[in-house]
Amino acid sequence: MKAIVKSSGRLILLSVFCMAEGAFAQQRVLPEPVRMVRAMDLLSRPLTSMPNVGLAHLPPEVKGDIYLVPYWNKASIMLYADEQILEGLAVKFDIYRNEFDIRFSNGVRVLPGSKVKTVVWADSLTRQLRYLINASDFKEDGVPMKGFFEVLSDGAIPLLSLSYIEVLEPDFNPALNVGSRDIRLVQKSNYYYASGDQVFRIKSKKQLEELFHKHQKEMKDFMKKNQVNINKASSLRMVFDYYNYYLNKPSD
């Protein structure tokens, strides 16, 4: 009390402090519903400008699938070693790493593709049988292939499909605000026909017409009538099935 009397300046300072504290006390006793209405009003206002505070974009994500099909299929696998057969497995084929994921009751194990000769699986979605053969048993221009061929049509001239993963890097342009910030995994396929252990990529309709030289006219008419697209598996399968199962008979 004596310190306050000695200095009028200190007394004024103390009075200001008490007034300010009283004001804060009044704010703290503001009814809760009123404070909530005020907060909601602030949150509902549109953003008018963004200060330059060094905000960063989200890091790129990896989008896409590395599997031939993303679901499990019941399969039988023939190994190179003694042509041993593993049956009744739940399998997914990892195209990117060239390996098979196998599901067991206690987890998933990985089987390298280099150990696998052939695979037969029952597609759990389409209910169709699908056949895979190791592409390393075939050559293109004298060079061994990698991955696994899917046999789309078997017979005198087999039709094969080779799927691969193309990795597309982010191509976002900030100035134009176009493109993607993500890494994208895109599954693509090339189609081949086989002759012995050699494979040849299908690149044109003319190539196919010459391939079926024994029935060139019939095949040309068939492809024209059915508007064959050499970049679609179902379209090519129709062509090769027609040749392998209807035209190319043993008596020819």
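In this text the structure is predicted, and so the values were computed from the model without any measurement.

Topic: the nonpolar core
No. 1: Counting residues in each nonpolar core, the largest one holds 21 residues, and the members touching the most others are Ile77, Val91, Phe100, Val116, Val119 and Trp121.
No. 2: Sorting the residues of this core by element identifies strand 2 (73–79), strand 3 (85–94), strand 4 (99–104) and strand 6 (116–122) as the ones contributing at least two each.
No. 3: Judged by nonpolar contacts, the second largest core, of 19 residues, contains Leu159, Phe222, Phe240 and Tyr243.

Examining empty space enclosed by the protein
It is a probe the size of a water molecule, rolled over the atoms, that shows where empty space is left.
No. 1: Taken as a whole and judged by the stated rule, the model has 1 cavity of 30 Å³ or more.
No. 2: In this structure, the largest cavity spans a volume of roughly 60 Å³.
No. 3: For the largest cavity, the full set of lining residues is Leu68, Phe93, Ile95, Leu132, Phe148, Phe149, Glu150, Ser161 and Ser163.
No. 4: With 3 residues, the top contributor of residues to the lining of the largest cavity is strand 10 (residues 148–153).
No. 5: When the residues that make up the lining of the largest cavity are grouped by side-chain class, the tally is 6 nonpolar, 2 polar and 1 charged.

So, the pattern of salt bridges
No. 1: Enumeration according to the criterion identifies 7 salt bridges in this entry.
No. 2: For Glu83, the salt bridge is made with Lys117, and the minimal N-O distance between the two is 2.8 Å. Placement of the pair is Glu83 in the loop between strand 2 and strand 3 and Lys117 in strand 6, with a sequence separation of 34 residues.
No. 3: A relative accessible area of 43% means that Glu83 is categorised as partly exposed.
No. 4: You can call Lys117 partly exposed: its relative accessible area is 26%.
No. 5: For Lys188, the salt bridge is made with Glu166, and the minimal N-O distance between the two is 2.8 Å. With Lys188 in strand 12 (residues 183–195) and Glu166 in strand 11 (residues 159–168), this residue pair connects regions lying 22 residues apart in the sequence.
No. 6: Counted as one network, the salt bridges with shared partners bring together Asp123, Arg130 and Glu150.

Observations regarding unusual backbone geometry
No. 1: Non-glycine residue Arg127 carries a positive phi angle of around 70°.
No. 2: Here Arg127 shows up in the loop between strand 6 and strand 7 (129–134).
No. 3: Not every positive phi belongs to a glycine, and Asp141 is a case in point at roughly 55°.
No. 4: Locating Asp141 in the fold gives a position in the loop between strand 8 (139–140) and strand 9 (143–144).

Side note on helix 5 (residues 216–225)
No. 1: Listing the buried residues of helix 5 in full gives Met219, Phe222 and Met223. Take helix 5 and look down its axis: the buried residues cluster within an arc of 95°, on one side only. Exposed residues lying more than 90 degrees from the buried face of helix 5 are Lys217, Lys224 and Lys225.
No. 2: Those residues of helix 5 hidden inside the fold are in contact with helix 4 (205–211) and helix 6 (233–247).
No. 3: Positive phi shows up at Gln227, right after helix 5, with a value of about 45°.

Some details on the pairing of strand 6
No. 1: As defined by bridge partners, strand 2 adjoins strand 6 across 6 bridges and the pair is classed as antiparallel. If you follow Ser76 over to strand 6, its bridge partner there is Val120.
No. 2: Looking at chain direction, strand 6 and strand 7 are connected through 5 bridges and run antiparallel. Within strand 7, the residue paired with Thr118 across the bridge is Ile133.
No. 3: The hairpin formed by strand 6 and strand 7 contains 6 residues between the paired strands, and Arg127 there has a positive phi angle of roughly 70°.

Re the layout of surface pockets
No. 1: In this structure, the largest pocket encloses a volume near 300 Å³.
No. 2: Contributing to the lining of the largest pocket are 19 residues, with Arg130, Glu150, Leu152, Ala233 and Arg237 lying nearest its centre.
No. 3: For the lining of the largest pocket, the secondary structure elements donating two or more residues are strand 7, strand 10, strand 11, strand 12 and helix 6.
No. 4: Taken together, the residues of the lining of the largest pocket sort by class into 8 nonpolar, 7 polar and 4 charged.

Digging into helix 6
No. 1: Look at helix 6: 20 Å from first C-alpha to last across 15 residues, which is about the 21 Å you get at 1.5 Å a residue.
No. 2: When helix 6 is considered as a whole, its buried residues turn out to be Ser235, Leu236, Val239, Phe240, Tyr243, Asn244 and Leu247.
No. 3: Looking at the buried residues of helix 6, the elements they touch are strand 10, strand 11, strand 12, helix 4 and helix 5.

Structural notes on the side chain of Ser153
No. 1: Relative to the helices and strands, Ser153 is located in strand 10.
No. 2: Taking the relative accessible area as the measure of exposure, Ser153 reaches 2% and is therefore buried.
No. 3: Within polar-contact distance, the side chain of Ser153 engages the side chain of Asn244 at 3.1 Å.
No. 4: Leave out the neighbours within four places in its chain, and Ser153 touches Pro158, Leu159, Phe240, Asp241, Asn244 and Tyr245.

Quick notes on the rules
- Residues numbered from 1 in each chain as written.
- Predicted model: local features only at pLDDT ≥ 70, side-chain atom pairs only at ≥ 80, totals over all residues.
- Heavy atoms only, no water.
- Core = buried A, V, L, I, M, F, W, Y, C linked by side-chain atoms within 4.5 Å.
- Buried < 20%, exposed > 50% of the residue type's maximum accessible area, 1.4 Å probe, protein only.
- Helix = DSSP H or I, 4+ residues; strand = E, 2+ residues; numbered from the N terminus.
- 1 Å grid on protein atoms, 1.4 Å probe; cavity = no way out; pocket = protein on both sides within 12 Å on 5 of 7 lines; lining within 4 Å.
- Points joined across faces, edges and corners; volume = space filled by probe spheres on them.
- Nonpolar A, V, L, I, M, F, W, Y, C, P; charged D, E, K, R; others polar.
- Salt bridge = Lys/Arg side-chain N within 4 Å of Asp/Glu carboxyl O.
- Arc of directions from axis to C-beta.
- Contact = heavy atoms within 4.5 Å.
- Pairing = 2+ DSSP bridges.
- Expected span 1.5 Å × (residues − 1).
- Polar contact = N/O pair within 3.5 Å; in protein donor to acceptor, adjacent residues only side chain to side chain.

Take it as geometry only, folks, not as evidence of what the structure does.
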